[in-house]
Every structure is written in C-alpha cells, then in structure tokens.
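Take a look at the letters that make up each chain.
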Amino acid sequence: MLTVRNANKFDWENIPITDCMYGNAMDAHYTLKVFTVLEEKIKELGLYDLCENLLSPANTVFLEPEFQGLNVSPQITREVGKKLNTSIIDVHDGLFDYDEVSLKDNLSSNNDLKEVLYTREGGFELYPPDKTPKGAPSVSKDTLDIILSQINKELINRG
Amino acid sequence: MAKNWKYRNKGKKISESVIKEKSTEQLIKTKNFMDTLLSLRKMEKLYKTYILGTTKAISYNERNKIFVSFNLDGTATGRLSCTGYSGNKGKSMGVSFHTLPKGKEHNIRDMYVAPDGWDFITSDYSTMELRVLAHIADEENMKSAFRQEKDLHTYTASLVFDKAEDKVTNEERQIAKAVSFLIVYGGGAFNLSETVNIPLKRAEKIISKYAELYPGVFKYMGKVNASIEEDGYITTLFGRRRNLMNVRSNITKVKNRALRQGLNFTVQSAASDILVCAVLGIVEEIRRRGLEARFQATVHDSVEFVCPKKETKEVCLIIKDEMLNCNYMKSKLGVSLDVPLAVDLEVGSSFGNGEPYEISSFN
C-alpha cells in the first residue's frame, strides 16, 4: 500500500479502517495513472498481446489458489518431519566416526568446519579453493563442490 | 595449512595440488566425509524450510492450510516464482512451492493434500525445455526424435557413442542429458567434464559430435548471440523481452554471461509461458463445464489441480487435452509448436503420492 512504509513489518491486523480505505484508494488511483502511461509503451514494444491475453488473465487465475490456500495434513507433516529428523541425527552422528573430527566439533559452525577441513593438524588438511567475502577460508556448498569435483577428477585419473 | 591463512588468487590450483599429494585412501575418505556433510546440510535445510516452515505457517494461519503468492514477473528469466504469502508483521503464511523437492525417502510433497473425497492431480510436461529448444532452433533431428516419441537422451547417447539405443548405458545417457542441458544454459566442454567427471578431451569430442548431430541448435545459438550483440536485448516466442545491456561490456566474462542469459531466456521463458497458457486453458474449460475442480499451483513444468473424485476422469482429460494441444495458446496468442509435447499425469490423495494415470484409465 502506497501509504505504508516497510510493509513487511507493518501491523496490518490493527490498521484503522479509514487508513486502509485511503491507502487502497491511493493504490487504485495511481495504478490507473501508471496504466495509462504504460499502456502506450507496452503497445509500442509489441507486448500488448502478451499482457492482454497471458499476464492479465493469469493474474486472475493465480489469485484463486492464493486465496483458497493449499490443504496441509498436520499428521503427515509430523510423520515426515520425525523421519527426516531421525535421518539428520543418524547422518550427523556418522560424521563423528571420522578420526579427523573431534567430539567437541560443532559441524554446523563454519569456524569448526574450517578447522576440520583446512587448518587443524590431523584434520583433512585440504586447501580452500575459495574465500568468504571477508577473506576467510570458505566452507560454502559451492566451495565444497569444487573440492569434491577436484577429488573426483583425481580419483578418475588414478583409475 | 597455517592458521593465519591468507587467500591467494590461485586457490583452486593450490587446492588441486594438495589433493594430488594425498593417497587414494585419504581421498576416498575425504570424499565420503564431504558427500555425507553435503547431504546433511541438504536434509537440515529441507527440515527448516518445509517442516518447520509449514508447521509455523499452519499455526499462524490457525487452520490446516498454507497460502502462497505467485509472481508472474518475479524472475529475469520470465519463469513464474512463488513465495509464502506474507502475513501480518512479515510472518509467512506458507512456503515456496517452486523449490519443493521431489524425494522418495523424505517425501515433503506428501504433506500437501487434497480435501477429503477429492483427488490431487499433477500433470508434468516431460523434457519441456528441450522440446522448446527443438522448435525455436528449428532443429530437424531433435524434432524428429520427439515426433517418434523417442527418449531424447537415450537417442542422443546412441548417436554420440555410436551404438544401438538398447545398448546405451545409464552413464552414457546421463552424459547425453548433461550435454543437452549444458547447451541450453550456454555451457561448454569444460563444464561437461566438470559435471560428469570425464576428461576434458573426451568432453570436447562429445560436444563436437553433438554439434554434428544437432547443427540447428548451434546455428540458433549463433543467431541469438548476434541478435543480442546488435540490439542489446532478445525476445521470445511470446514477445517477452529481456534487456541485456551487459553485452556491450568490455569484460569478456560479463559479455559472455549476458549472451548465456539471453539464450537461456529464449528457452526458459517460452517454456514457462506455455505452461501458464495451459493453466489458463484448463481453468477456462473447467469453468465453462461448471466443474468444481480447482487450480492449486504450478511447480517447475507441472500443473496441480484438485477435484472431487467424481470429476477426476473428466478433469484429467481436460488437462491432457489442453497441455498437449495448447488450444488456448494457439487461439489467444497465435503461437503453435511444430514439436509434440508430452505430459505425465499422476493422481493421488496428496501432491506426493500420485500414481501414473494412463490413457487407458480413461476408458
């Protein structure tokens, strides 16, 4: 709404009805003004058909599922969540079977992971192929993918 | 490695040489550790985004429903995007449907269900982007493979590796698949060797064989690149336009990126618009017949509908007819494809448990 700043944090539930009406009227007023300006430009660019026959009707059609929502089964959500959580715990525990990981390590912490992979003696002792914006050794997915691809390549070369 | 580590520009090369010094046993151990670590991160993200996201949303919404917001112009590539609806004070009323993973072990999609007594229908376009590419590039060999209802990746592999289709291994099919998609995304031999872990020389050979096999694709790529360089923008089959002013950059990397984005845009955006047209056609027909069926969402190349069980057959027929014949697209936008489209239809009680609904089921 044009009259509201920082819409994401605004308390919409308690907006006074007069403010709501005024804001909506402003939105409608300026949308119409913008439309008359843009309509010409859209025609000029040859995009009128696309707007009229695709985007405009699509807006209305996609509004329906937005309004109706999607049914969720809380029971299945719990079941899937429980199963996933068990797998997370199992996989997480399995990582501590490696001699390179100490029981004190928190593998969700980038600092600890940095030590396990790169800096600690007795760790995996790899070299980080990339850095973080602050210049520290990166442990992001992209960086780990680079290392993995280098390892795979080396293993293939060795047959 | 020293604790006071300082990044050097040749990080990748140093990393490679460090890896070369390690024993095979150490490398296998490291690889296993990293694979497990990445799979752990993936599962944690899944849990946080979908299990916690959905649980929080239904608690906020005070009913067993989530609400999403579709954005028809939210991506530069022209694809639809979708986010959880923003509730009061920025609280999310749903989760993004477009990133909803398909998994057998942890079937997140199973959480989203049809109302009692209703069916959940999912209809997915198969190899959509490559069909669009075959059409816009006017690539006869590719079009002919689709017309003969061949599995394109097996067919491509059989020609690239010079063997009968039934002799193609899974690995060869995967390589052929990777080449096709890399081409669409503007990748080359280097990316192929990285993606499927094959030596660079082999990747180069495969790409050149692919170019012999589908010359139209490479001709089209050249045409798109020339057009972007001349105009600074590119338009799709539907007239959507993407400005790519970076093509004028003096930095080769930036310029090449703009060219890749342009090529990708012509395929992805058109594929997305075909899907939106299908949704419009299906909804129009459902309304015309006065059915209760409701449109639910689109995820990648698929459309999702729910309907009362008594309507399932009729709605499936409408969906299949519209998605295959593109009636809306032809009549309202004057666009038609000279490549047949294919859809996989599934029906179940939830988004995740659908079973294939074969054409014989209609009889």
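Residues numbered from 1 in each chain as written. Chains lettered and ligands numbered in written order. Predicted model: local features only at pLDDT ≥ 70, side-chain atom pairs only at ≥ 80, totals over all residues.

## Concerning the overall build of chain A
Which entries qualify depends on this criterion: Starting at the N terminus, helices and strands are each numbered in turn, a helix being any DSSP run of H or I of at least four residues and a strand any DSSP run of E of at least two. All radius of gyration figures rest on C-alpha atoms, and the globule criterion is 2.2 Å times the number of residues raised to 0.38. Contact between two residues is assigned when their C-beta atoms, built from the backbone, lie within 7 Å.
A tally of helices and strands in chain A yields five helices and one strand. Reading the helices (α) and strands (β) of chain A from amino to carboxyl end gives α-α-β-α-α-α. Computed over the C-alpha atoms, the radius of gyration of chain A is 27 Å, more than 25% above the 15 Å expected from 2.2 N^0.38 for a compact globule of 159 residues. Principal-axis analysis of the C-alpha atoms gives chain A an extent of 70 × 45 × 30 Å. Counted over contacts in chain A with a minimum sequence separation of 6, partners at least 24 positions apart contribute 14%.

## Quick notes on the overall build of chain B
Under the convention used in this document: To assign burial, the other C-beta atoms lying within 10 Å of each residue's own C-beta are counted, with C-beta atoms placed from the backbone; 20 or more indicates buried, 12 or fewer indicates exposed, and intermediate counts indicate partly exposed.
The secondary structure content of chain B amounts to 12 helices and 10 strands. Over its C-alpha atoms, taken along the principal directions, chain B stretches across nearly 65 × 50 × 45 Å. The buried share of chain B, taken over its 363 residues, is 40%. Excluding contacts between residues fewer than 6 apart, the proportion of contacts in chain B whose partners are at least 24 apart in sequence is 57%.

## Some words on the domain arrangement of chain A
Quick note on the threshold: For the domains described, the bounds stem from an automatic or database domain assignment.
Parsing chain A into structural domains produces domain 1 (7-68) and domain 2 (74-157). Once you take the C-alpha centre of each, domain 1 of chain A and domain 2 of chain A turn out to be 45 Å apart.

## Quick notes on the domain arrangement of chain B
All names here are of chain B. Rules: Classification convention: Asp, Glu, Lys, Arg as charged; Ala, Val, Leu, Ile, Met, Phe, Trp, Tyr, Cys, Pro as nonpolar; all other residues, Gly among them, as polar.
Under the domain assignment used here, chain B contains domain 1 (65-98), domain 2 (112-137 + 239-363) and domain 3 (140-213). Relative placement of domain 1 and domain 2: their C-alpha centres are 18 Å apart. On the domain 2 side, the residues contacting the eight residues of domain 1 number 11 residues. A per-class count over the side of domain 1 that touches domain 2 returns four nonpolar, three polar and one charged.

## Points about the pairing of strand β8 (residues 302-308) of chain B
Residue and element names in this part refer to chain B. Definition in use: Two strands qualify as a pair provided that DSSP identifies no fewer than 2 bridges between them.
Counting buried positions over the seven residues of β8 gives six, a clear majority of the element. By the bridge criterion, seven bridges tie strand β4 (residues 118-125) to β8 in an arrangement that is antiparallel. Counterpart to W118 in the pairing with β8 is P308. Sheet analysis places strand β7 (residues 294-299) next to β8, joined by five bridges and oriented antiparallel. Bridging across to β8, A297 finds its partner in E304.

## Considerations on the sheet that holds β4 of chain B
Pairing between the strands of a sheet comes from backbone hydrogen bonds, and it takes one of two forms, parallel or antiparallel. Residues and elements named next belong to chain B. Pairing is antiparallel across the open sheet formed by five strands, whose spatial order is β7-β8-β4-β9-β10. Pairing within the sheet leaves two strands with one partner each, and these edge strands are β7 and β10 (355-356). Note: β4 against strand β9 (residues 343-348), six bridges, orientation antiparallel. The residue bridging S123 from the neighbouring strand is L345, located in β9.

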